Amino acid sequence: MHRAALLLALTLATPSLAEEVGRVGVDWVGNDIIIESVADPKVQGVTCHLAYFDRSLIDRLSNGNWFEDPSYSAVDCVQTGPITIGDIDDDKSGETVFSERQSLILKSLRITRIYDAKNSALIYLAHANELTEGSGKMSISVIPVPPSN
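Bear in mind that the values here come from a model prediction, so they are computed numbers and not experimental data. (Residues numbered from 1 in each chain as written. Predicted model: local features only at pLDDT ≥ 70, side-chain atom pairs only at ≥ 80, totals over all residues. Heavy atoms only, no water.)

The subject of this paragraph is the nonpolar core. Counting 20 residues, the largest nonpolar core has V46, L50, I111, L122 and Y124 as the members making the most contacts within it. Of all the secondary structure elements, the ones that give two or more residues to this core are β2 (32–39), β3 (43–54), β4 (73–85), β5 (95–101), β6 (107–116) and β7 (121–130). Counting residues per element, this core draws most heavily on β3, which supplies five residues. (Core = buried A, V, L, I, M, F, W, Y, C linked by side-chain atoms within 4.5 Å. Buried < 20%, exposed > 50% of the residue type's maximum accessible area, 1.4 Å probe, protein only. Helix = DSSP H or I, 4+ residues; strand = E, 2+ residues; numbered from the N terminus.)

And the structure:
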């Protein structure tokens, strides 16, 4: 019983896992745009779709910068059922919903959720989180929260 509770707590405490739902080739060297589906682990009824650039082996060999993908990303979220808000962080800095490495150690692609209680909205921000020289490349999506929450 304690193991099940611990496993559930760890699952809820970690960012959600993404499922690849699309891959679009953009050039002859094999670079792709990946589209992943990410369900918000703490807000039932919201699913986000994240698109980002994935460099090919040929591109990495020819251009250098072997261990890093560009920071470009886009996110759009949709209500996929009744919205039920769980125990979310309502701080203005938000809470990470999803994180995926874009370099060996220095950069990750994230979706951060910010709850705007005054305007009854959930804001989802896709952005790169970099150890040095942060990136201004971002995308947002907003989901209205029904008044019953």
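Examined against the element boundaries, S120 turns out to sit in the loop between β6 and β7. We classify S120 as partly exposed; its relative accessible area is 32%. Once the C-alpha coordinates of S120 and I143 are considered, the two residues, 23 residues apart in sequence, prove to be 8.8 Å apart. Residue contacts for S120: discarding those within four places in its chain leaves I143, P144 and V145. (Contact = heavy atoms within 4.5 Å.)

Let us look at the sheet that holds β3. Pairing in this open sheet of four strands is antiparallel, and the strands run β1-β2-β3-β4 from one edge to the other. Looking at which strands have only one partner, the edges of the open sheet turn out to be β1 (18–25) and β4. Across the sheet, the axes of successive neighbouring strands diverge by a mean angle of 15°, strand direction being ignored. Sheet topology places β3 next to β4; nine bridges connect them, and they run antiparallel. Note on β4: the bridge partner recorded for Q44 is T84. (Pairing = 2+ DSSP bridges. Axes fitted to C-alpha atoms, helices over the stretch in contact; angles between N-to-C directions.)

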